[in-house]
Amino acid sequence: MVDPLKERLDKLRKFSDSAKRRANLYAEVTNIDDKHTARSLGALQKAPAPGKKLQKIGFLMLWIPEPTGVTCAVGGPMIVAGRYLDKKYNGSTLHDIGHQTKNTMSSISDFKNSVM
């Protein structure tokens with residue numbers, strides 16, 4: 001014979017265990033969204049793209065009128081080096097990673113806000 005009080009007690013224990021697990025999960029989710037993570041994401045998004053800067057400086061030096069032609073001799077290789085760095089160290093990759101991470105963090109924050 002099954003005792004209804006024991007059944008009810010088992011059900012309450014299961015609910016209690018489930019609530020404890022859920023509370024621990026929510027506490028771990030809130031630890032993800034801290035100041036250090038935001039600072040790291042900010043640094044990732046503001047990372048320099050050296051290739052584009054070298055190209056811009058090279059074009060500026062190429063178009064500066066100068067009688068000796070030193071800037072023209074320096075500007076061309078700077079443009080080529082900038083293009084090489086742009087292929088080797090893709091500046092858009094850093095932006096894409098930062099954008100995707102920002103989207104992930106916002107979806108985690110939305111989930112956290114909807115749950116709590």
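Preceding block: the structure.
Summarised in this report is the structure supplied together with it. (Residues numbered from 1 in each chain as written. Predicted model: local features only at pLDDT ≥ 70, side-chain atom pairs only at ≥ 80, totals over all residues. Heavy atoms only, no water.)

### Topic: a nonpolar patch on the surface
On the surface, Phe59, Leu62 and Trp63 cluster together to form a nonpolar patch covering roughly 340 Å² of accessible area. With respect to the helices, strands and loops of the structure, Phe59 is situated in helix H3 (residues 50-63). (Patch = residues over 30% accessible without salt bridge, like charges linked within 9 Å, V, L, I, M, F, W, Y side chains within 5 Å. Areas by Shrake-Rupley, 256 points an atom, 1.4 Å probe, with all protein chains shown as cover. Salt bridge = Lys/Arg side-chain N within 4 Å of Asp/Glu carboxyl O. Helix = DSSP H or I, 4+ residues; strand = E, 2+ residues; numbered from the N terminus.)

### Notes on H3
With 14 residues, H3 should reach 20 Å at 1.5 Å per residue; the first-to-last C-alpha distance of 20 Å fits that figure. Of all the residues in H3, the buried ones are Gly51, Gln55 and Gly58. Down the axis, H3 shows its buried residues gathered within 65° of arc, on one side only. Facing away from the buried side of H3 by more than 90 degrees, the exposed set consists of Lys56 and Leu60. The inward-facing, buried residues of H3 contact helix H4 (70-88). (Expected span 1.5 Å × (residues − 1). Buried < 20%, exposed > 50% of the residue type's maximum accessible area, 1.4 Å probe, protein only. Arc of directions from axis to C-beta. Contact = heavy atoms within 4.5 Å.)

### Focus on the pattern of salt bridges
One pass over the full model with this rule turns up 1 salt bridge. Note that Arg13 is salt-bridged to Asp10, the shortest N-O span being 3.8 Å. Taken together, the positions of Arg13 and Asp10, both in helix H1 (residues 4-32) and 3 residues apart, correspond to about one turn of that helix. Assessed through its relative accessible area of 49%, Arg13 is described here as partly exposed.

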